[in-house]
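Each chain is listed here by its residues.
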Amino acid sequence: MNEQISGSLFKQMILHGAAAITAQKQAINDLNVFPVPDGDTGTNMSMTIAAAVTELRKSSPATVEKAASATASALLRGARGNSGVILSLLFRGLSKGLKGCETADAQRFAAAMQEGVSSAYKAVMKPAEGTVLTVSRLAAKRAVEAAAETSDLEQVLEAAIAEGRDALAQTIDMNPVLKKAGVVDAGGKGYLLILEGMLAALRGEPLPEVEDSGAPEKDKADFDVFSTEEITFAFDTVFIVRKSSPDVALDPLRAYLNSIGDSLVIGEDDEAFKVHVHTNIPGSALTEAQKYGTLELAKIENMRTQYEDVAAGKKAQSVDDLDMEESAKEAQPEKPAVAPPEKKYGFLSVCAGDGLAAVFRDLGVDSVVSGGQTMNPSTESILEGVNQVPAETVFILPNNGNIIMAAQQCAALTEKNVVVIPTKTVPQGITAMMNVDFDAPDPQDITTAMTDSITSVATAQITYAARDSDFDGFAIKEGDYLALEEGKLFGTGNSLNALLEKLATTASTRGASFISLYYGEDVDPSAAQSAAAIFQSACPDAEVMALPGGQPVYYYIISME
């Protein structure tokens, strides 16, 4: 029986809660369809609370107030996605409710849980029922009722979890999106997992070590019932701004952000505020927010492409997948934060694959950031690359439509002059670099030449289908080859050569004079030469080359000029 929560016990409760959701984060991802079907709620919630674990492991909080405050502060800055921001708000309110407490009894802790719910509801512009808000509200209400009946914290939390489970079961009927997919709310489920972990800590149970195998097939969301058209606002935008003053009023910012998007949540403390919003113009959101302070961090992800990955049976990639790359960077010798200019112009390219990176470097690119269709680098990653280019003006080649806006944010975050060339494919980026006059007197001359040149190149790509689906009128079977031309599905089938021949015919129709096939990491060089021969046969007067790209996901990236 526990009647008081000390600072050290609260710390252990957070560690247990984090372990509980991390152990089942994929199972939560498999439920995630609201507010958009992008399959990342478990990842976002687990990484959000992991930020608190990192902070708490560095200290031994003497009081429950200090433990809760450290948790809330870390969650605010570590929050990822809509679910992560709401989770941070629940604990922010909890921290307010425990202010001034050395320890917390059942009544104080239950009241603090209600304070957390109040904070979350106030921050969400358009609260939707049948979500984590509903689950947390009803769980906290039951906790207060139970605390009036007993001083045993275990019994209070048990009652709250039981009520939360009942509420979670009802979310499938409360929210039409969940009903359509046949699942309960992912955020609500994740929150209950955290509460269950916290209860386990109260009981003195060891940290869970359960390998996450995902949800049982019967509990998984049916992502096929959705389409990208149902995602009104494409970009999941999260950023932190350090306030210009502690009492700066954010109501005008809330009103503006609500006018350009949805799923708006703003969490704040005296020093900073964190915004989560779904919008089609993330650059405008960041620009407006800078009127209230200094932008510190930003993350922009395309939810439409994340949904397409999930619907195709692939892992929905995010900027979080660059963690390993960032760790590798940290292990390298430290470099100056901003390289002093040694020349007038510099160039940065985004691409995936050693071969493609080598092509860009041979053309004069100073820095290459790893990323592409399934792994979009963050603004922060691109910014680091920009700052390491020893030039006054740095031209960025995003080489992917989903990366252009993230690249554009760098201009306001560095002392260097940044120019983003709107390349949507690797072939466009290569063509742009081939049209650079490194001795041009004015950067606008380079900008014009590069931008004009990208209209002359057409791009085709060949990849594979990870599962059965219907897309753009094509019945796609698992294992089929997929050909895309200019970003649209061109054809599908079980014969790679048949698709190559169709694309070669298209190249001939276009009158292509230069054709380059950049083959991926899984393609044998001899097979690539055979593919080039197909194009040479269809376009006898064209110059055709097969070059090692080393890219993942795509067997071939084909440039036709």
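Given the structure is predicted, the values throughout are model-derived calculations rather than measurements.

## Some remarks on the overall build of the chain
Within the chain, the regular secondary structure consists of 21 helices and 16 strands. For the chain, the residues scored as buried account for 55% of the 561 residues in total. Intrachain contacts of the chain at a sequence separation of at least 6 include 72% that bridge at least 24 residues.

## Comments concerning the confidence of the model for the chain
Averaged over all residues, the pLDDT of the chain is 84; the fraction at 70 or higher stands at 84%. Within the chain, no element has a lower average pLDDT than helix α14 (residues 323-331), which sits at 43, and none a higher one than strand β7 (residues 391-397), at 96. Within the model, the stretch residues 221-229 combines pLDDT values under 50 with 32 contacts to residues more than four positions away or in other chains. Low pLDDT, under 50, characterises residues 321-335; the stretch is placed with 16 contacts to residues that sit more than four places away or in other chains.

## Considering helix α8 (residues 153-174)
Over its 22 residues, α8 runs 30 Å from end to end, which matches the ideal 32 Å to within 8%, given 1.5 Å per residue. Among the residues of α8, Leu153, Glu154, Val156, Leu157, Ala159, Ala160, Ile161, Gly164, Ala167, Leu168 and Thr171 are the ones counted as buried. Its side-chain oxygen at 3.0 Å from the backbone nitrogen of Glu154, Asp152 defines the N-terminal cap of α8.

## Notes on the environment of Gly130
Tracing the backbone through its elements, the reader meets Gly130 in the loop between α6 (106-123) and α7 (132-147). For Gly130, a relative accessible area of 0% puts it in the buried group. The spatial distance from the C-alpha of Gly130 to the C-alpha of Thr171 is 4.2 Å, given a sequence separation of 41 residues. Among all residues touching Gly130, those that are not within four sequence positions of it are Thr171, Met174, Asn175, Leu178 and Asp185.

## Thoughts on empty space enclosed by the protein
This structure, assessed with the given rule, holds four cavities of 30 Å³ or more. Of the voids in this model, the largest cavity is the one considered here, and its volume is about 90 Å³. Around the largest cavity, the lining residues are Leu90, Phe91, Leu94, Phe109, Met113, Gly116, Val117, Tyr191, Leu195 and Met198. Of all the secondary structure elements, the ones that give two or more residues to the lining of the largest cavity are α5 (81-97), α6 and α10 (186-202). Per-element tally for the lining of the largest cavity: the top contributor is α6, with four residues. Class assignment for the residues of the lining of the largest cavity results in nine nonpolar, one polar and no charged.

## A short note on the sheet that holds strand β3 (residues 272-279)
Ordered by their spatial adjacency, four strands build an open sheet running β2-β3-β1-β4, and the pairing between neighbours is antiparallel. Edge positions in the sheet fall to β2 (261-268) and β4 (293-302), since each has one partner strand and no second. Going across the sheet, the axis of each strand differs from the next one's by a mean of 15 degrees, ignoring polarity.

## Concerning the pairing of β3
Across the eight residues of β3, eight count as buried, placing the element largely inside the fold. With burial as the criterion, each face of β3 is covered, one bearing Ala272, Lys274, His276 and His278 and the other bearing Phe273, Val275, Val277 and Thr279. Of the strand pairs in this sheet, strand β1 (residues 235-243) and β3 are connected by eight bridges, and their pairing is antiparallel. Paired with Ile240 across the bridge in β3 is Lys274. Taken together, β2 and the strand that follows it, β3, pair antiparallel across an intervening segment of three residues.

## What about the sheet that holds β7?
The strand order across the open sheet formed by four strands is β6-β5-β7-β8, and the pairing between neighbours is parallel. A single partner strand is all that each edge strand has here, and the edge strands are β6 (367-370) and β8 (417-420). The mean inter-strand angle of the sheet, taken between neighbouring strand axes irrespective of direction, is 20 degrees. Here strand β5 (residues 343-351) runs beside β7; their pairing, made up of six bridges, is parallel. Paired with Phe347 across the two strands is Phe395, which belongs to β7. The strands touched by helix α15 (residues 354-362) are β5, β6 and β7; relative to β5, the strand with the most contacts, the crossing angle is about 165 degrees.

## Concerning unusual backbone geometry
The phi dihedral of Asn399 falls on the positive side, at around 60 degrees, and the residue is not glycine. Residue placement: Asn399 occurs in the loop between β7 and α17 (404-408). Residue classification places Asn399 among the buried residues on the basis of a relative accessible area of 6%.

## Overview of the packing of α15 against helix α18 (residues 426-434)
As a packed pair, α15 and α18 sit with axes 9 Å apart at the nearest point and diverge in direction by 20 degrees. The angle between α15 and α18 falls in the class roughly parallel. Relative to α18, the crossing made by α15 is left-handed. Contact residues: α15 offers Leu356, Val359 and Phe360, while α18 offers Val426, Gly429, Ile430 and Met433. Of the residues belonging to the contact of α15 with α18, the class tally is six nonpolar, one polar and no charged.

Reading guide: rules and limits
- As a convention, each chain's residues are numbered from 1 in the sequence order in which they are written.
- Local features are withheld for residues below a pLDDT of 70 in this predicted model, meaning they are given only at 70 or higher, and side-chain atom pairs are given and counted only at 80 or more; totals for whole chains, interfaces and linings count all residues.
- Side-chain metrics in this entry use all non-hydrogen atoms of the structure; hydrogen atoms and water are not considered.
- Runs of H or I in DSSP of at least four residues are treated as helices and runs of E of at least two as strands, each being numbered from the N terminus.
- Think of it in three bands: with a 1.4 Å probe and only protein chains considered, a residue is buried below 20% of the maximum accessible area for its type, exposed above 50%, and partly exposed in between.
- The criterion used for residue contact is that any of the two residues' heavy atoms lie within 4.5 Å.
- The predictor reports its confidence for every residue as pLDDT, a score running from 0 up to 100.
- Multiplying 1.5 Å by the helix residue count minus one yields the expected span of that helix.
- What qualifies as a polar contact is a pair of N or O atoms within 3.5 Å, subject to a donor-acceptor requirement within protein and to the restriction that residues adjacent in sequence count only when both atoms come from side chains.
- Think of a 1 Å grid over just the protein atoms. A cavity is a set of points where a 1.4 Å probe fits yet cannot get out, a pocket is an open set with protein on both sides within 12 Å along at least five of seven lines, and lining residues have an atom within 4 Å of a point.
- Grid points are joined across faces, edges and corners, and a volume is the space filled by probe spheres set on the points.
- Ten residues, namely Ala, Val, Leu, Ile, Met, Phe, Trp, Tyr, Cys and Pro, are considered nonpolar, four, namely Asp, Glu, Lys and Arg, are considered charged, and the remaining ones, Gly among them, are considered polar.
- We treat two strands as partners when DSSP finds at least two bridges between them.
- Axis geometry follows a simple rule: fit a line to the C-alpha atoms, using only the stretch in contact for helices, then measure angles between N-to-C directions, giving values from 0 to 180 degrees.
- Orientation is classified from the angle alone, with under 35 degrees giving roughly parallel, over 145 giving roughly antiparallel, 65 to 115 giving roughly perpendicular, and any other angle giving oblique.
- Should the near helix be turned anticlockwise from the far one by less than a right angle, the crossing is termed left-handed; should it be turned clockwise, right-handed.

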